[in-house]
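# Structural features, examined
Now for the letters of each chain:
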Amino acid sequence: MFLSSSAMGGIGAFSRYIEAPGIFIALCRSLAGLIMMTLIFLFTQRFFKLKQLKMSPTIVWSGIFLGLLSGLYVVATQMTTLANAAFLIYTGPIYSTILASIFLKEPFTKVTAVSLTSVVIGCLLIIGIINYSSGGGFTIGLDLDPEYMTGNLIALGSGLAYGLYLFTSRYRQDVDSDVRSFTNFGFAVVTLLILVFATQPDLSEMTTRGWIVLVIAAFVTGAIAFYLLTVASKILLAGELATISYQETIMATILGIALFSESLTAMQALGGGLILFGGLFQIFASTRKKKPAGANAPEGMAGIH
């Protein structure tokens, strides 16, 4: 999950060098994942696993939600501020944790509560929703300028799709990670293709550099990142997924400083510290859980190549 969120944190940086609309970028990300999984099944001769799969609604929905969260988020970053888009999509893990506690009876432990609270506050500090000035003290605000209203609503939709994706991914733990990744990418591609045909994105301004960057971004922030997310969702609880996923904001901040000379305030540095604390605290608590002697590793680990 740490590697997945780190890879996904690069989409904002990549998109600044791509002239294509967000929905097309999202389609390429999922298509790259489908191509990667097809090659994996081809070279390992494991297509028989797909034939053995008993399809269910949650498998279909997790793929649809994967496509929606990717498409809506990239579109939102082009229609509202990056801060607003990041904040609103990261309401998703909170939804999934609550839904899993209610419907899947997953434990909402004190460790998860502390970790999740820490990373949420840290995320708000990083993107500037919570700020501090010597004259005005602490302030809390979200830019709701009419200019960004549509983008904010789309970003909120991406957050809902993200939460529902994490939640539906917790069902059908009997399905192999590679098979689940293949179906997720497949249904995500179908979903995004429908949106692309409906919106008819203009690609006339794409340059050679833009196409090259798009291909790299598709495989790094799409294929690899989403594949690792699928594997992680099979191994971890929803609360653990929610907490560690906030690593993406750290990666986005690092890339902003390194590539675009963006500044990091003291409050943002404090927020980054809280995110790291929450994520590492959750990881430490999870790995300390004792397993019976001789117990097999989780099946999802077999999906890591």
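Residues numbered from 1 in each chain as written. Predicted model: local features only at pLDDT ≥ 70, side-chain atom pairs only at ≥ 80, totals over all residues. Heavy atoms only, no water.

- Under an unreviewed UniProt entry, the protein has the name EamA/RhaT family transporter and belongs to Flaviflexus ciconiae.
- The heading Sequence similarities (unreviewed entry) in the UniProt record of the protein holds the text "Belongs to the EamA transporter family." (UniProt positions renumbered as here; feature names shortened; annotations may be inferred.)

### Quick notes on empty space enclosed by the protein
- Scanning the model with the defined rule gives three cavities of 30 Å³ or more in all.
- Each pocket or cavity is described by its volume, and for the largest cavity that value is around 120 Å³.
- A per-element tally of the lining of the largest cavity places helix 5 (residues 57-77) first, with three residues.
- Its boundaries defined by the atoms lining it, the second largest cavity holds a volume of some 80 Å³.
- Among the secondary structure elements, those contributing two or more residues to the lining of the second largest cavity are helix 12 (238-245) and helix 14 (266-287).
- A per-element tally of the lining of the second largest cavity places helix 14 first, with five residues. (1 Å grid on protein atoms, 1.4 Å probe; cavity = no way out; pocket = protein on both sides within 12 Å on 5 of 7 lines; lining within 4 Å. Points joined across faces, edges and corners; volume = space filled by probe spheres on them. Helix = DSSP H or I, 4+ residues; strand = E, 2+ residues; numbered from the N terminus.)

### A short note on the pattern of salt bridges
- Taken as a whole and assessed by the stated rule, the structure comprises six salt bridges.
- The partner of Asp176 in a salt bridge is Lys49, and the shortest N-O contact between them spans 3.6 Å. Taken together, the positions of Asp176 in the loop between helix 9 (149-168) and helix 10 (177-199) and Lys49 in helix 4 (residues 48-52) put the pair 127 residues apart, joining distant regions of the chain. (Salt bridge = Lys/Arg side-chain N within 4 Å of Asp/Glu carboxyl O.)

### With respect to the pairing of strand 1 (residues 130-133)
- In this structure, strand 1 lies alongside strand 2 (residues 137-140), joined through four bridges in antiparallel fashion. Residue pairing in the sheet places Ile130 in a bridge with Ile140 of strand 2.
- Counted between consecutive antiparallel strands, the loop separating strand 1 from strand 2 contains three residues. (Pairing = 2+ DSSP bridges.)

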